[in-house]
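Inside the fold
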Amino acid sequence: MRLSKRKSDELRPVSIEIDVNRYAEGSCLISCGHTKVLCTASVEEHVPFFRRRTGLGWISAEYSLLPRATHERNRRDGRGSSVSGRTLEIQRLIGRSLRAGVNFASLGERQIMIDCDVLQADGGTRCASITGGWVALRLAVNKLLQDRYIVRDPLHQQVIAISCGIHAGSHILDLDYNEDSNAEVDGNFVFTSSGELIEVQCTAEDKSFPTASILEFIELSSKGASELVRIQNEALAKKNA
């Protein structure tokens, strides 16, 4: 039995509150259990040097674990030291994942920067950042369309992410910190709303695991991803209610 009393295929309570930042073109606060991430999307009328004069846009992401997001205070990344390898790896994952659902020609030669700030961490912060980051991106693109800066919707797929793992010998969905820190296997699965995979990260923490576990992870994560798509859509629907 999980300490949270959840079933093996059950998500933590998930909520997405939109328009929590009055200045950003798109913003939301996503809560997955006790994990809370503020996601903002900022439209910039320029692109990185490798995109200049191509007519193509770009999506990039930054991720930050705020100092008191965990049990003890952490130093801010970049404050007196370089950005940590973990932070770089996560923000690159967020950027790759979100770019998979974008038609850059329709976006035009502009960049949308997604900032994901972890206010409170209890496992699954990268997955929450991707799921919430897409909602912020969707809102920013809606504003570009509404203001007629673009004429075609560049977003052709929703993007969501969820964790799976093996804990105490059981395959489980959406690991919290206690499960994640003691897992035998820990994995993150990034999906499109059509059920296709964008990225799979899966690691044995102690010993190897059978390949059949991957199929079980796919089944579990697909179920969780479908629920997250519904939650994204319900949050966005409130904008037009």
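You'll find the structure just up there.
Okay, so let's go over this structure. Keep in mind the model is a prediction, meaning the values are calculated, not measured.

**Comments concerning the sheet that holds strand 5 (residues 111-120)**
What the 5 strands build is an open sheet, ordered 1-2-3-5-4; its pairing is mixed. Two strands in the sheet have a free side with no partner beyond their single neighbour: strand 1 (14-18) and strand 4 (58-65). The sheet shows a mean angle of 20° between the axes of neighbouring strands, taken without regard to direction. Pairing analysis gives 8 bridges linking strand 4 to strand 5, with the strands arranged parallel. Counted as the bridge partner of I59 is I112 from strand 5. Helix-sheet contacts for helix 1 (residues 85-99) involve strand 4 and strand 5, and the interaxial angle to strand 4 is about 145°.

**Notes on the sheet that holds strand 6 (residues 159-167)**
Here 4 strands make up an open sheet; going across it, the order is 7-6-8-9 and the pairing antiparallel. Of all strands in the sheet, those bounded by a partner on one side alone are strand 7 (170-173) and strand 9 (197-204). Averaged over all neighbouring strand pairs, the angle between strand axes comes to 15°, with direction disregarded. Two elements, strand 8 (residues 185-192) and strand 9, share 7 bridges in a ladder whose sense is antiparallel. If you follow D186 over to strand 9, its bridge partner there is T203. Of the strands in this sheet, strand 6, strand 8 and strand 9 are in contact with helix 1, which crosses strand 9 at around 150°. The strands that helix 3 (residues 125-146) touches are strand 6, strand 8 and strand 9; relative to strand 6, the one it contacts most, it runs at about 165°.

**Brief notes about the layout of surface pockets**
Considering only enclosed or pocket space, the largest pocket measures out at about 450 Å³ in volume. Lining the largest pocket are 20 residues; nearest its centre among them are R86, G123, G124, R126 and D180. The set of elements that each furnish at least two residues to the lining of the largest pocket consists of helix 3, helix 4 (177-181), strand 8 and strand 9. The class makeup of the residues in the lining of the largest pocket is 4 nonpolar, 10 polar and 6 charged. Size it by volume and the second largest pocket reaches roughly 180 Å³. Along its surface, the second largest pocket is lined by D19, N21, A24, E25, G26, S27, L139, N142, K143, Q146 and K239. Of the residues forming the lining of the second largest pocket, the biggest block, 4 residues, is contributed by helix 3. Classifying every residue of the lining of the second largest pocket gives 2 nonpolar, 5 polar and 4 charged.

Calculation criteria
Residues numbered from 1 in each chain as written. Predicted model: local features only at pLDDT ≥ 70, side-chain atom pairs only at ≥ 80, totals over all residues. Heavy atoms only, no water. Pairing = 2+ DSSP bridges. Helix = DSSP H or I, 4+ residues; strand = E, 2+ residues; numbered from the N terminus. Axes fitted to C-alpha atoms, helices over the stretch in contact; angles between N-to-C directions. Contact = heavy atoms within 4.5 Å. 1 Å grid on protein atoms, 1.4 Å probe; cavity = no way out; pocket = protein on both sides within 12 Å on 5 of 7 lines; lining within 4 Å. Points joined across faces, edges and corners; volume = space filled by probe spheres on them. Nonpolar A, V, L, I, M, F, W, Y, C, P; charged D, E, K, R; others polar.

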